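Fold and contact review
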Amino acid sequence: MRAVEIREFGAPEGLAVVDLPEPVPAEGEVLIDVEAIGVGGVDTVIRSGALAGFGFQEGFIPGNEIAGTVGSVGDGVDPSWTGRRVWAFTGEGGGYVERTTIPVEKVVPLPGNLPADAAVALGTSGMVARFALAHAHFAAGESVLVRGAAGSIGIMTVQLAAAGGASAVAVTTSSAERGERLRESGATHVLDRSGDGDGPEGYDVIIDIVSGVDMPSFFDRLAPNGRLVTVGVVAGMPPADFGTKLLAAFRKSLSFAAFSADSIPEPDRRAVTAAQFDAAARGELRSVVHELLPLEKAALAHRKMDDGEVFGRIVLTP
């Protein structure tokens, strides 16, 4: 069985195709014949070596979400799962493979009319966007800024904020063309990467997918009682002293929080993901697939991610 592992931290060329033994489902598991693999920003950060201090090592297989068909089941699993189209969260990694085994409780059935590539462009991204807005205590009538909105999490956050009754949904992005595409998803204001442009004077909520050295400057764009929630570090960690910005604006009562879906109980994550798949099948949510690439082109997918070429999500196909 083919898989892609991080042979060497650093550039995308450090990814390599390897052969692994065929997986066999253990008790409580299903075997999934993979049809689509979502390439996420966290995959590129892990591959770069930036998270090596968190226990990631060379030889790691990236990818945290897949979609495909259940080929067989292990002991204790209802045999009716066999042949069903499903989406699955693989954890921190393990998804860049042709086949894999997953505990059945991490598997979500797919609606019949939802393609596998659309599922992996929506699954984790939509769930993170939904809970990030909740973590920010977003309410109808509030203004929202999505920093780094052209990725799959950003696109879903824009849609959910607009559907949730935001008074304004501003986005930062790198081009006017991307801005227009984000307007199609519900954005009302398009700003440059620094947050400059024709938008509200202050935002009640900022969802930050970028982080990096420029993150503290966005505290200046919060309205009184505003909340900034960071859900990603695709541009690296913020400066160690970023909290001084909050204290400098003490009288505005600003708040900062980090959000990881790992803090949400598994049943809640699955319930939201299943509901969003149903909404997508009804046409109420729209996932965006930037490009389909074969599994052996994983390095090219990561290069495109690093170069900022991607709008939505690249999907690998075994």
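Provided above is the structure to which this section pertains.
Just so you know, these numbers come straight off a predicted model, no measurement behind them.

Brief notes about the overall build of the chain
A count of helical and extended segments in the chain gives seven helices and 15 strands. Structurally, the chain occupies a C-alpha span of about 60 × 40 × 35 Å along its principal axes. The 318 residues of the chain split such that 52% are buried. Sequence-distant contacts, at least 24 apart, represent 71% of the contacts inside the chain between residues at least 6 apart. Summed over all atoms, the accessible surface of the chain reaches about 13300 Å², with 52% contributed by carbon and sulfur.

Notes on the packing of aromatic side chains
Inspection of every chain in the model, using the stated rule, returns five aromatic pairs. Both rings, one in W87 and one in F277, keep their centres 5.8 Å apart while their planes meet at 70°; by these two values the pair is edge-to-face. Remark: F277 occurs in helix α6 (residues 266-281) and W87 occurs in strand β5 (residues 85-89); sequence separation between them is 190 residues. The buried category is assigned to W87, whose relative accessible area is 3%. Between F219 and F256, the ring centres sit 6.1 Å apart and the planes meet at 90°, which makes this aromatic pair edge-to-face.

As for the side chain of D208
Mapping D208 onto the fold places it in strand β11 (residues 203-208). In this structure D208 comes out as buried when scored by relative accessible area, which is 0%. Apart from the residues lying within four places of it in its own chain, the contact partners of D208 are R147, M215, L228, V229, T230, V231 and G232.

Looking at the nonpolar core
If you look at the biggest cluster of nonpolar residues, it comprises 51 residues, and the most contacted ones within it are W87, I207, V231, F259 and F277. Looking at this core, the elements that each hand over two or more residues are β5, α2 (116-135), β8 (143-147), α3 (152-163), β9 (168-172), β11 and α6. The leading source of residues in this core is α2, at eleven residues. Excluding its chain neighbours within four sequence positions, the residues that come into contact with V231 are V128, A132, I153, I207, D208, I209 and F259. Among the nonpolar cores identified, the runner-up in size contains 34 residues, and M1, I6, I61 and A298 belong to it.

Points about the pattern of salt bridges
For the structure shown, the criterion picks out 18 salt bridges. One salt bridge in this structure joins R2 and E296, with 2.9 Å as the shortest N-O distance. Pair noted here: R2 is in strand β1 (residues 2-6) and E296 is in the loop between β14 (289-294) and α7 (298-306), with a separation of 294 residues, a long-range link. Across the salt bridge formed by K245 and D220, the nearest N and O atoms sit 2.8 Å from each other. Taken together, the positions of K245 in helix α5 (residues 243-248) and D220 in the loop between β11 and β12 (222-230) put the pair 25 residues apart, joining distant regions of the chain. In this structure, a network of salt bridges that share partners links the residues R2, E22, E98, R99 and E296.

So, the sheet that holds β8
In space, the six strands of this open sheet follow the order β10-β9-β8-β11-β12-β13, with parallel pairing throughout. The sheet is open, and its two edges are formed by β10 (189-191) and β13 (255-258), each paired on a single side. Within the sheet, the average angular offset between the axes of one strand and its neighbour, ignoring direction, is 20°. Pairing between β11 and β12: five bridges, direction parallel. Along β12, the bridge assignment pairs V205 with R227.

Observations regarding the packing of helix α1 (residues 41-48) against α7
The contact between α1 and α7 brings their axes to 10 Å, and the two run at 100°. Relative to α7, α1 is oriented roughly perpendicular. For the pair formed by α1 and α7, the contact residues are G41, D43, T44 and R47 on the first element and H302, M305 and D306 on the second. Looking at the contact of α1 with α7 residue by residue, the classes come out as one nonpolar, three polar and three charged.

Examining the pairing of β8
Among the five residues of β8, five are classified as buried, and the element is accordingly described as predominantly covered. Side chains S143, L145 and R147 of β8 all project onto a buried face; the interleaved residues V144 and V146 project onto the opposite face, where all are buried too. Strand direction decides the pairing type here: β8 and β9, joined by five bridges, are parallel. Looking at the pairing, V146 lines up with V171 of β9. The β-α-β motif built from β8, the intervening α3 and the parallel element β9 has right-handed crossover chirality. Two elements, β8 and β11, share four bridges in a ladder whose sense is parallel. Each residue of the ladder has a partner; that of V146, found in β11, is I207.

Quick word on the environment of R181
Among the secondary structure elements, R181 is positioned in helix α4 (residues 176-184). The sequence separation of R181 and I155 amounts to 26 residues, and the corresponding C-alpha distance is 9.5 Å.

What counts and how
Residues numbered from 1 in each chain as written. Predicted model: local features only at pLDDT ≥ 70, side-chain atom pairs only at ≥ 80, totals over all residues. Heavy atoms only, no water. Helix = DSSP H or I, 4+ residues; strand = E, 2+ residues; numbered from the N terminus. Buried < 20%, exposed > 50% of the residue type's maximum accessible area, 1.4 Å probe, protein only. Contact = heavy atoms within 4.5 Å. Areas by Shrake-Rupley, 256 points an atom, 1.4 Å probe, with all protein chains shown as cover. Phe/Tyr/Trp six-rings, centres within 6.5 Å; stacked < 30°, edge-to-face > 60°. Core = buried A, V, L, I, M, F, W, Y, C linked by side-chain atoms within 4.5 Å. Salt bridge = Lys/Arg side-chain N within 4 Å of Asp/Glu carboxyl O. Pairing = 2+ DSSP bridges. Axes fitted to C-alpha atoms, helices over the stretch in contact; angles between N-to-C directions. Parallel < 35°, antiparallel > 145°, perpendicular 65-115°, else oblique. Nonpolar A, V, L, I, M, F, W, Y, C, P; charged D, E, K, R; others polar. Right-handed = clockwise from strand over helix to strand, strands pointing away.

Taken by themselves, the reported measurements are silent on function.
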